[in-house]
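Each chain, written out:
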Amino acid sequence: MSRQITGAVIEELNAPFKLETLEVDDQPKAHEVLVHIVASGICHSDEAVRNGSAGDYAYPGVVGHEGAGIVEKVGSSVTTVKEGDHVILSYDYDGTCRHCLTGHPSSCINWGKLNFAGVRPDGSVAFTREDGSPIHNFFNQSSFTTETLVQERNITVIDKDIDLRKVGPLGCGFVTGSGTVFNGLNPKEGTTIAIVGTGAVGSAALMAAKIKGCSKIICVDIHDSRLEMAKELGATDTINSLNEDWVDKVHEITNGEGVDFAIDTTGISAIMHQAITALASGGHLAPIAVTAKTLEFMPWNEITALQKHVDGVLMGDAIPQIGIQTLIDFWQAGEFPFDKLEKFYTFDQVNEANQASNDGSVIKPVMVIDQDYVPGE
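The residue numbers shown here count from 1 along each chain, following its written sequence. Where totals are concerned, whole chains, interfaces and linings use all residues; where local detail is concerned, this predicted model gives features only for residues with pLDDT of at least 70, and gives and counts side-chain atom pairs only at 80 or more. Water and hydrogen atoms were dropped before computing side-chain values, which therefore reflect all heavy atoms in the structure.

Quick reminder of the rule: UniProt positions are given in the numbering used here, feature names are shortened, and annotations may be inferred rather than shown by experiment.
As annotated in an unreviewed UniProt entry, the chain carries the name Enoyl reductase (ER) domain-containing protein and comes from Lentilactobacillus buchneri DSM 20057. Within the UniProt record for the chain, the comment given under Sequence similarities (unreviewed entry) is "Belongs to the zinc-containing alcohol dehydrogenase family." Quoted verbatim from the Cofactor (unreviewed entry) field of UniProt, the annotation for the chain is "Zn(2+)".

Written out as structure tokens, the structure reads:
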């Protein structure tokens, strides 16, 4: 059985999103959950699928992976979620491989297959057009829809008094940036960090660095408006790299040493190289952008002689069901004010919202898909 829904479909590479009437399988299989989507953030990874920089994707499809909504139905073997639960959606993982079992589900050996294959784990599709032709999913989630079918492990249950319009981006952008600090780099109090790119991911890393007690939090961007927000969120120093050599400025701020940690969210090869140069001896760089660009090896004296490190960190190395709730706790305590970065759009403004994300005018666009939703009800 199926029901009609509305989805924002990407028909082919570089095509705009187009709202269409689709069919969703409304009979969840054993470990599946049918979710009514209230709102969804727009992440750069959605754009990376649209423009091809995320690698191969089976078009046509529905992306979106920062969804928040209300559970409508659960499969027969689902034990952690029930009808009526308010939930945030994140990535999928198998829960059984050695990485999952040791607390690193973003390193799951089946991560790529589960999140990027575009189909359910059994190979079937969750969405079809009215003529029966398949529509592929993303992150086993596809939150650019009015209803979606996900796996149980995609879900984090939250309190019903939390505004679902705000919290979807905790499932990807904000948990990625903060988790890179909390879990991937784990800086000690008093250490220094540079964050290159102060979009949603970079801003989350900044707030996490403040929580961790970094003595210097240096934010680099080309948008003065974003740098002003970075100051409000806790940056100790900001640099507009259009106006000055940011690496030289970092060395000046740190008395010639460089920073202990750096995070690159731009995915631009030259900037990733610059970030390595900005590191102190023994420093760590986490390049975490979704990009088709490459990071070439640096000269021996820049890497080995100075014992610098490049650390791969996917999805903040976070366990979603723990990391998301941690961010909610910090938010409610006033320490992680992510909602300052958000701007709401309606579902039919999906292309406008995506463009605002791309051009840097909005840090975190959020589509409110259910306009009738009332927080707390």
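Having seen the structure, we can now continue with the description.
## A look at the overall build of the chain
The line we're drawing: Labels follow the DSSP assignment, with helices taken as runs of H or I lasting at least four residues and strands as runs of E lasting at least two, numbered in each case from the N terminus. Using C-alpha atoms as the atom set, the radius of gyration is obtained and then compared with a globule rule of 2.2 Å times the number of residues to the power 0.38. Only protein chains enter the accessibility calculation, which uses a 1.4 Å probe; a residue whose area is less than 20% of its type maximum is buried, one above 50% is exposed, and one in between is partly exposed.
Along its length, the chain carries twelve helices and 18 strands. Rg of the C-alpha trace for the chain: 20 Å, near the compact-globule value of 21 Å for 377 residues, within the 12% margin. When its C-alpha atoms are laid out on the principal axes, the chain stretches across 65 × 40 × 40 Å. In the chain, buried positions account for 56% of the 377 residues.

## Focus: the domain arrangement of the chain
Definition in use: The split into domains, and so the bounds of each, comes from an automatic or database assignment of domains. A quick way to say it: buried area is the sum, across both parts, of accessible area lost when two parts are put together, with a 1.4 Å probe. What counts as a salt bridge is simple: a side-chain nitrogen of Lys or Arg found within 4 Å of a carboxyl oxygen of Asp or Glu. Here a polar contact is taken to be a pair of N or O atoms separated by no more than 3.5 Å, where protein atoms must pair a possible hydrogen donor with a possible acceptor and residues adjacent in sequence count only if both atoms sit in side chains.
Domain parsing of the chain yields domain 1 (2-171 + 337-368) and domain 2 (177-313). Using only C-alpha atoms to locate each centre, domain 1 and domain 2 end up separated by 29 Å. Interface area for domain 1 against domain 2, summed over the two sides, is near 1000 Å², with a carbon-plus-sulfur share of 66%. Considering only the surface of domain 1 that becomes buried against domain 2, Lys340, Leu341 and Ile363 emerge as the three largest contributors, covering 44% of it. Taken together, the connections running from domain 1 to domain 2 amount to one salt bridge. Ionic pairing is found between Glu232 and Lys340, a salt bridge with its closest N-O pair at 3.0 Å. Counting every contact that joins domain 1 to domain 2 gives two residue pairs in polar contact (both at pLDDT 80 or more). Where the side of domain 1 that touches domain 2 is concerned, the elements lending two or more residues are helix H1 (44-51) and helix H12 (350-359).

## Observations concerning the packing of aromatic side chains
Selection rule: The aromatic pairing rule takes the rings of Phe, Tyr and Trp, using the six-membered ring of Trp, and pairs them if the centres are within 6.5 Å, calling planes under 30 degrees apart stacked, those over 60 edge-to-face and the rest tilted.
For the structure shown, the criterion picks out 15 aromatic pairs. Considering the side-chain rings of Tyr57 and Phe138, the 6.3 Å spacing of their centres and the 90° angle between planes classify their relative orientation as edge-to-face. Of this pair, Tyr57 sits in the loop between H1 and strand S4 (61-62) while Phe138 sits in the loop between strand S8 (134-135) and strand S9 (147-151), and the two are 81 residues apart along the sequence. Phe138 carries the same exposure label as Tyr57, and that label is buried. On the numbers, 4.8 Å between centres and 50° between planes, the contact of Trp331 with Phe338 is tilted. There is no split in this pair, since Trp331 and Phe338 are both buried. An aromatic cluster of three or more residues is present, and its members are Tyr57, Tyr59, Tyr91, Tyr93, Trp111, Phe116, Phe138 and Phe139.

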